[in-house]
Amino acid sequence: PVINLHIHLQQDVLYIELSWSKPIETSSLTNGRNVILHNISKRLQLIYPQSHELKMMIEAEKIVITLKLNLKKAIN
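The model shown is predicted, which means the values in this text are computed figures rather than measured ones. (Residues numbered from 1 in each chain as written. Predicted model: local features only at pLDDT ≥ 70, side-chain atom pairs only at ≥ 80, totals over all residues. Heavy atoms only, no water.)

J.: Help me understand the pairing of strand β3 (residues 52-58), please; the structure alone is not making it clear to me.
T.: Side chains on a regular strand alternate between the two faces of the sheet. Here β3 runs beside strand β4 (residues 62-70); their pairing, made up of seven bridges, is antiparallel. Residue pairing in the sheet places M57 in a bridge with V64 of β4. (Pairing = 2+ DSSP bridges. Helix = DSSP H or I, 4+ residues; strand = E, 2+ residues; numbered from the N terminus.)

J.: Just to check I follow, could you spell out the environment of I75 for this structure?
T.: Checked against the element boundaries, I75 lands in helix α2 (residues 71-75). With 27 residues separating them in the primary sequence, I75 and Y48 have C-alpha atoms 8.5 Å apart.

J.: What's the story with the environment of S51 in this structure? I'm lost.
T.: Mapped onto the secondary structure, S51 falls in the loop between α1 (32-47) and β3. In this structure, the C-alpha to C-alpha distance between S51 and I75, residues 24 residues apart in sequence, is 9.4 Å. Setting aside chain neighbours within four positions, we find S51 in contact with K68, L69, N70, K73 and A74. A polar contact is formed between the side chain of S51 and the backbone oxygen of Y48, at a distance of 3.2 Å. (Contact = heavy atoms within 4.5 Å. Polar contact = N/O pair within 3.5 Å; in protein donor to acceptor, adjacent residues only side chain to side chain.)

J.: Mind showing me how you'd approach the environment of Q10 here?
T.: Following the sequence through the fold, Q10 ends up in strand β1 (residues 3-10). Looking at Q10, the relative accessible area reads 43%, which means it is partly exposed. For the pair formed by Q10 and N70, sequence separation is 60 residues and the distance between their alpha carbons is 9.8 Å. (Buried < 20%, exposed > 50% of the residue type's maximum accessible area, 1.4 Å probe, protein only.)

J.: What is the right way to look at the pattern of salt bridges in this model?
T.: Close approach of charged atoms allows side chains with opposite charge to pair. Overall, the coordinates contain two salt bridges when judged by the stated rule. When the shortest N-O distance is used, the salt bridge between K55 and E53 registers 4.0 Å. E53 sits in the partly exposed class, given a relative accessible area of 40%. We note a salt bridge from E53 to K68, for which the minimum N-O separation is 4.0 Å. Taken together, the residues E53 in strand β3 and K68 in strand β4 connect sequence positions 15 residues apart. (Salt bridge = Lys/Arg side-chain N within 4 Å of Asp/Glu carboxyl O.)

J.: Sorry, what's going on with a nonpolar patch on the surface here?
T.: Taken together, I3, L5, I7 and L18 make up a surface patch of nonpolar side chains, about 410 Å² in accessible area. Broken down by element, the nonpolar patch gets its largest block of residues, three residues, from β1. If you trace the backbone, I3 turns up in strand β1. Residue classification places I3 among the exposed residues on the basis of a relative accessible area of 62%. (Patch = residues over 30% accessible without salt bridge, like charges linked within 9 Å, V, L, I, M, F, W, Y side chains within 5 Å. Areas by Shrake-Rupley, 256 points an atom, 1.4 Å probe, with all protein chains shown as cover.)

Rendered as C-alpha cells:
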C-alpha cells in the first residue's frame, strides 16, 4: 500500500490530507473504518468545536481523509 501525508499551513488554517491505496476488499470500509472516522470526528468536535472540517472520500483507487482546522478559532 502507498500512503501519502500532506500538511499545509496557510495563514491561520492548518490543512492535513492523508491518503492511501484502496485495499482489494473494501467491505471493511463501511464497518470498522467508519467507526474510527466517527470517533475521530467526535473528538475533534470536543476539542475544536466549530473550527474544523473532516471529510473522507473513497475514490476509485484510494481513500482520502482531509482535515481543515482553523487555528485562530480553535484557540479563542
